[in-house]
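Topology and contacts: notes
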Amino acid sequence: MNINLKILKNDFKRNRAGNLALLLFMTLAAGLVVVATIVVTQLLTSMTGMYETAKPPHFLQMHKGDIYQEAIDEFNSNYDGVTAWQTVSMIDVYGDDLKVYGDSEFSLSESRLDIGLVKQNKEYDFLLDKERNIITVNKGEIGIPVILLDFYDINLGDTVELTNNGVTKEFIVTAFVHDAQMNSTLASSTRMLISDVDFEDLFGKVGEIEYLIEVYFTDKSMASDYQTAYQNEGLPQDGQAVTYTIIFMLSAFRDIVMALILILVSILLVMVALMCIKYTVMASLEEEISEIGTMKAIGLSFKDIRNLYLKKYKIMVTVGIIIGYILALILSNVFTDHISNTFGKQPISIFTISLPLATCVIVYVITNHYCRKILKKLKKVTVVDALVNGKGFGKKERVKDGLYKSKKMSVNLLLSMWETLHNLSGFVLVFLVMFIVSGIMIVPMNLLNTMKSKEFINYMGSSMNDILIEIESGENLNNKYEIIKKLLNEDTDIKEFKEFKRVRVETINSEDEWMNLHVDSGYKAGNELKYIDGRAPSEENEIAISKLNADALGKSNGDSIILKFNDLQMNFIISGIYQDVTSGGYTAKSIYNFAGIEAKKYQFTVNFNDDVDVKEKASEWNDKLGGGYDIEPMEEFINQTLGGVSRQLQVTTIAVVLIGILLAAFIVVLFMKLRLAKDVAQIAAMKAIGFTNYDVRKQYLCKIGLVSIVGIFIGTFISNILGESIVSVTLDMMGIGISRITFIINPLIAFIILPLILLAVVIGMTWISTREIREYNIISLINE
C-alpha cells in the first residue's frame, strides 16, 4: 500500500500539467452539469410549490360584457369532472391611466400588457408574495406584479396614481405580486392587487369590467374538452380562453429555453472531458511504458497495474466533481434569479439537494467506466515490448518526405502540413474540441439572434409591419372598428394597411367531435408567415391552420375540413400549415369573409411611407383615440413580448461563450504540454540539424492552427444545420406552436467574429505553450 502511494505521488509530480488540466475539465463539466440540474430542479419545484399555494385555474375564460352567472353555475354543476369554479371580476385600465411617483416620475403608457385591478380571492387563484404567502393589502395600498419590474423602476413605498373617467386615486406600493397565471409577457395580461374596499369604490366607475371565469377539474387534461363544450353552450366567452397546460408553458418558457441550452452544453462538455481523459491517460501510459514493463516484469498483474492508475484518476475525477459542485452552488444564482423572482423563494428540500448530487454520481460512474475501458490496453503490453523494444500503445508516427515540393512553400509550413496530414490521429483531440466548442458557442448565439430579430414575429402568427393595432372583444367593438377604419383611410402618411377579423366557427377534430376554431379572415390573411408545409390561402374555399390545430384535427396540407357557421356547413381545403405561439397556438387564416358572424377581435397591420416616425405616429394615435385600443410599433411589441426571454437567453449565451473560450484555452494548453513531452526526441533532432527555436514553435503553431481552422469551420457549418433541428425538435416537444425554426443568422458574428475569437485563443495559447522550447538543451535532450 505504501509503495502504491509512493508511485501515485511520483506520478502526480511527473504529469502535473496533464493532471491539472484533467482536473480543470472535470470541474467545468461537473459544474455545468450541476448548474443545469439545479436550474431544472428549481424550476420544477418552484412552479409546483407556487401552483400548490396559488391554485391557478385548470381552465380560464376571459370575458368582457354581461355575465350570466346562473347559466355558468348550472352548466358547471352538470358537467362531469368539475370540482370547483369561480368568476373573478377585474377592472381593466390602461397604462396611460397609471403614473408612478418615486425616484422618478413616469407612466405605464408604453406597456403592452393589459392591466387589471383585482382584489384577493377567497379560495382559489391567489396572488402571492416572494415567500409564497397570500398577500393582503389595506385600503390605499397596491401590489405591483413582478413582471412589470423588468420594464419599470418601481420600488416599495412609491406612489401609483390612477386617473380614469374623471376619477383620481392614489395608492402606496406595499407588495410585489407573484401571479401564477399572468407572469409572462407572452400572456399579454397582468394583475395589480388592491384592497376589497378600494375595489368596490372603483368598480363601475373607472376602466372596463372584465371577468375571469375559472374552472377546476379532477384531471387537468379535461380542460380542452370542457372548453369546446363550454363555448358550444353559448356561455360568456368574449375574450381569450386558456388551459392549464398553456398557462404552465407560457409561465416557464424563458426558463425552459435557458435550461435546455445548459443541458445541451453540459452534455457536450462531458463529451469533451471524456476525450481529454482518454488523451491524458494514453499520454501518461506512453510516457511511462518502461515503468509499466518493469511492474509486469516483477510480477504485478494487469489488475494491480490497472487499479494503480485507476486510483489516480478516481481521485482526480472525484476532486474535480466536488470542486465543480461547490462552484455550481455558488454561481447558480446567476441562472436561477429569474425563477425565484417569478415563482417565489423555493425552500431547500431533499429533492433540490439529492438531484444535483445524483448527477454528480452519474458523471463519476461514466468517467470511471471510461477510464477502466481505456486502461484495458495495459493487457496487450508485454515485458519485451515495453523494456526491450520500447513499443508503446500507438502506431509509430512517420512523416513522409515532402521537402522537394518546397520550392514555393515555406519549409516550416510544408513540414507542419505533411505531419498533420499523415498523423491525423495525433490531432483528433484538437479537431473534435474545436468542432464541439464552435457548436456550443454558435447554436445559442443563433437562437438569441433569432429571438431578437424582427422576423421572429412570423412565428407569432403575424407579419412584420410598422404598427400593429388590436381591438379586443367587448363593448362597442364594432364602433371602435369604424373609428380605426376611418382614421387609417384619412391618414396620408400610410403606405398600406391590412385588416383582419377574428371569428369563431366549428369543425371536426381527430376524434370526430365538434370543436371550435378561431379564424382570422381578411384580404391577404396568412401572407408572409413561416409555413411548415404549403402556402397562404389564395381562394375563398382555402384555409391555413396552425401546427397545433393541425395536430388537434389530425389533418395535413391538402386535406379537406368542414367548417360550420350560421347554420351552414362548408368544405375548406387546407392550403398550408404555419407556426404560431399566440392565442395558445390554436389559430387559422382565411380570405373568406364569414359575413354575418360576430367578430371576436379586429386587427390592423399598418405600413408607413419612408419618412414617417413610427413611434411618434403611434403616440399621436394613442393620444387621439384614448383607451380601448392597442396601438403599438411592431418592434416595441416584439421587444415587450419576447424581451424577457431574450434577456434570459442572452445571459446564458454569454456564459456559454465564455465557457467555450476557456475550454478551448485549457485544451490547447493540455495538448501542447503532453505533445511537447512526447516530441522531445523529435525536437532535439530538428534543433540539431539547424532548425531554430522560432522554426520549431512556428511549426507547432501551424499544426494546431490548421487542425483548429478545419474543426471550427466544420463545427460552424454543422451547428447551423443540426442546431436548427435540435432546437426545432425541442420546441415541438414543448407544444407551444413552433415545430420548425429557421435560424436568423448574423453572418458577422456567426461566421467571422466567434470563429476568429476562438482561433485567436487557440493560436495565442499555442504560442505561449511553446515558449519552453527555448529552454530545451540539445545535448541533454539527445542524452535522454
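Let me begin by describing the structure that accompanies this report. All figures in this text were calculated on a predicted structure; none of them were measured in a lab.

Looking only at helices and strands, the protein has 21 helices and 22 strands in total. Overall size of the protein, expressed as C-alpha extent along the three principal axes, is 100 × 60 × 55 Å. Burial analysis of the protein (784 residues in total) assigns 55% to the buried set. For the protein, restricting intrachain contacts to residue pairs at least 6 apart in sequence, the fraction spanning at least 24 positions comes to 82%. In the protein, which carries 74 positive and 90 negative side-chain charges, the distance between the mean positions of the two groups comes to 19 Å.

Attention shifts here to the packing of helix α6 (residues 244-287) against helix α10 (residues 350-375). Following both chains from N to C, one finds α6 and α10 inclined at 35°, their axes separated by 10 Å at the closest point. The hand of the α6/α10 crossing is right-handed. Here α6 contributes Leu 274, Ile 277, Lys 278, Val 281, Met 282 and Leu 285 to the contact with α10, which in turn contributes Ile 366, Thr 367, Tyr 370, Cys 371, Ile 374 and Leu 375. For the contact of α6 with α10, the per-class residue count stands at 10 nonpolar, 1 polar and 1 charged.

The next point concerns the pairing of strand β3 (residues 98-101). Alternating residues of β3 divide into Leu 98 and Val 100, all buried, and Lys 99 and Tyr 101, none buried. One ladder, built from 4 bridges, connects β3 with strand β8 (residues 159-164); its direction is antiparallel. By the bridge assignment for β8, Val 100 is matched with Val 160. As paired strands, β3 and strand β4 (residues 105-107) are joined by 3 bridges and run antiparallel to one another. Among the inter-strand pairings, Lys 99 is bridged to a residue of β4, identified as Ser 107. Between β3 and β4, which pair antiparallel one after the other, the connecting turn spans 3 residues.

At a closest axis distance of 10 Å, the pairing of helix α8 (residues 302-331) and α10 adopts a crossing angle of 150°. The orientation of α8 with respect to α10, classified from their angle, is roughly antiparallel. The hand of the α8/α10 crossing is right-handed. Here α8 contributes Phe 302, Arg 306, Tyr 309, Leu 310, Tyr 313, Lys 314, Val 317, Thr 318, Ile 321 and Tyr 325 to the contact with α10, which in turn contributes Ile 353, Pro 356, Leu 357, Cys 360, Val 363, Tyr 364, Thr 367, Asn 368, Cys 371, Arg 372 and Leu 375.

The next thing to look at is the state of the cysteines. As enumerated under the stated definition, the model contains 0 disulfides in all. Free of any disulfide, Cys 360 has its nearest cysteine sulfur in Cys 371, 16 Å distant. Note on Cys 360: relative accessible area 9%, which makes it buried.

Glancing now at helix α14 (residues 477-490). Residues separated by three or four positions in an α-helix point in the same direction, a consequence of the helix having 3.6 residues per turn. For α14, which comprises 14 residues, the first-to-last C-alpha distance of 20 Å matches the rise-based estimate of 20 Å (1.5 Å per residue) to within 8%. Residues Leu 477, Lys 480, Tyr 481, Ile 484, Leu 487 and Leu 488 constitute the buried set of α14. Buried residues in α14, looked at end-on, bunch into an arc of 130°, giving them a common side. Facing away from the buried side of α14, by more than 90 degrees, are the exposed residues Lys 486, Asn 489 and Glu 490.

The next point concerns a nonpolar patch on the surface. Together, Ile 315, Val 319, Ile 322, Ile 323, Ile 326, Leu 327, Ile 330 and Leu 331 line one region of the surface with nonpolar side chains, adding up to about 670 Å² of accessible area. You can see Leu 327 is positioned in helix α8.

Our focus in this paragraph is helix α20 (residues 747-769). Compared with an ideal rise of 1.5 Å per residue, which puts 23 residues at 33 Å, α20 spans 32 Å between its outermost C-alpha atoms and is within 8% of the ideal. Along its length, α20 shows its largest kink, about 30°, at Ile 753, and proline Pro 755 lies within four residues downstream of that point.

Quick notes on the rules
Residues numbered from 1 in each chain as written. Predicted model: local features only at pLDDT ≥ 70, side-chain atom pairs only at ≥ 80, totals over all residues. Heavy atoms only, no water. Helix = DSSP H or I, 4+ residues; strand = E, 2+ residues; numbered from the N terminus. Buried < 20%, exposed > 50% of the residue type's maximum accessible area, 1.4 Å probe, protein only. Contact = heavy atoms within 4.5 Å. Lys, Arg positive; Asp, Glu negative; His and termini not counted. Charge placed at Lys NZ, Arg CZ, Asp CG, Glu CD. Axes fitted to C-alpha atoms, helices over the stretch in contact; angles between N-to-C directions. Left-handed = near helix turned anticlockwise from the far one by under 90°. Nonpolar A, V, L, I, M, F, W, Y, C, P; charged D, E, K, R; others polar. Pairing = 2+ DSSP bridges. Parallel < 35°, antiparallel > 145°, perpendicular 65-115°, else oblique. Disulfide = S-S within 2.5 Å. Expected span 1.5 Å × (residues − 1). Arc of directions from axis to C-beta. Patch = residues over 30% accessible without salt bridge, like charges linked within 9 Å, V, L, I, M, F, W, Y side chains within 5 Å. Areas by Shrake-Rupley, 256 points an atom, 1.4 Å probe, with all protein chains shown as cover. Salt bridge = Lys/Arg side-chain N within 4 Å of Asp/Glu carboxyl O. Bend = angle between axes of the 7 residues up to and from the residue.

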